[in-house]
Amino acid sequence: FHDGHIPAKGARMRLPGQHVLVSIAAALLAVGEGAAAQSGGENRGDILLLIRALSDSDAVVRESAAEALGELGPGAEQAILPLIRLLSDGDPFVNGKAAGALSRIGQRSVPGLIRALVDGETNVRWCAAIALGKMGTSAREAVPVLAGALRDTDDNVRWSAAVALGEMGTLAGEAIPALIRCLHDRDEDVRRGADMALDAVDPGRRSRTPDWRLAVA
């Protein structure tokens, strides 16, 4: 996801007739229609239905609920903490949708995602970095923690942190030293991610030196 988007994980087979999925779809429609009918007011009952579905035993239901909450954008603010918890889900479709939903909810998700960047679970840190990258400059307060994540022990976390910093452009200037260090990372994807991020964070760097790797001891 060099463009900051969650990588496609392929299509999952959906089982027809799952009544919970129908309820989720109905709740999403109800929220949308209710907003118009109530002059912008939220139908909190329907959002709570989606939040409860995040804990369903069926991974397809959890995934669908996370996707539906993401469609609601900032209107699903009360789902931030449950979605943060869902980043630790063992199903990659589910935690991917949770990360996407948090990015679409927007800036109010940032504090929780910053905390998730130092979580003990690798997948949680990885998904948090992905979500922050998708938010771009609106997540600029995460720059210091993302810079720290460039030292993570996991290659995927370091790469996604580099990509996220690149998405923040010149607002991530304080991360330049950490990105330079990553030009010598043991993982090729991390090195490439850091190189691309540096182009975005400091657009004039190549006019000053052809390759910053030559300037790093």
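Here we summarise the structure given alongside this text. (Residues numbered from 1 in each chain as written. Predicted model: local features only at pLDDT ≥ 70, side-chain atom pairs only at ≥ 80, totals over all residues. Heavy atoms only, no water.)

Moving on, we come to the overall build of the chain. Along the chain, the regular secondary structure elements total 12 helices and zero strands. For the chain, the succession of helices and strands along the chain, N to C, is α-α-α-α-α-α-α-α-α-α-α-α. Out of the 217 residues in the chain, the part that is buried amounts to 51%. Restricting the contact set of the chain to residue pairs at least 6 apart, pairs at least 24 apart contribute 65%. (Helix = DSSP H or I, 4+ residues; strand = E, 2+ residues; numbered from the N terminus. Buried < 20%, exposed > 50% of the residue type's maximum accessible area, 1.4 Å probe, protein only. Contact = heavy atoms within 4.5 Å.)

Okay, the nonpolar core next. As a rule of thumb, soluble globular proteins bury nonpolar side chains together. Grouped together as the largest cluster of nonpolar side chains are 65 residues, with contacts concentrated most on Leu69, Leu83, Leu87, Leu113, Leu132, Leu146 and Leu179. Every residue in contact with Leu146, bar those within four places of it in the chain, is listed here: Leu117, Ala129, Leu132, Ala161, Ala164, Leu165 and Met168. (Core = buried A, V, L, I, M, F, W, Y, C linked by side-chain atoms within 4.5 Å.)

On to the environment of Leu49. Among the secondary structure elements, Leu49 is positioned in helix H2 (residues 44-53). Exposure remark for Leu49: the relative accessible area of 27% places this residue in the partly exposed category. It is 8.9 Å that separates the C-alpha atoms of Leu49 and Ala65, two residues lying 16 residues apart in sequence.

Between the first and last C-alpha of helix H3 (residues 59-72) there are 20 Å, a value that for 14 residues agrees with the 20 Å anticipated at 1.5 Å per step. Of all 14 residues that make up H3, 12 are buried, and the element is covered over most of its length. Of all the residues in H3, the buried ones are Ala59, Val60, Val61, Arg62, Glu63, Ser64, Ala65, Ala66, Ala68, Leu69, Gly70 and Leu72. Just beyond H3, the residue with positive phi is Gly73, at close to 60°. (Expected span 1.5 Å × (residues − 1).)

With that settled, consider the pattern of salt bridges. Applying the stated criterion to the full structure yields nine salt bridges. Its salt-bridge partner being Arg104, residue Glu71 comes within 3.1 Å of it at the nearest N-O pair. Here the residue Glu71 occupies a position in helix H3, and Arg104 occupies one in helix H5 (residues 92-105), the gap between them amounting to 33 residues. For Glu71, a relative accessible area of 45% corresponds to the partly exposed category. A salt bridge links Arg158 to Asp155; its shortest N-O distance comes to 2.5 Å. With Arg158 and Asp155 both in helix H9 (residues 155-167) and three residues apart, this pair spans about one turn of that helix. Judged by its relative accessible area of 2%, Arg158 is buried. (Salt bridge = Lys/Arg side-chain N within 4 Å of Asp/Glu carboxyl O.)

By themselves, these observations are geometric and do not establish any function.
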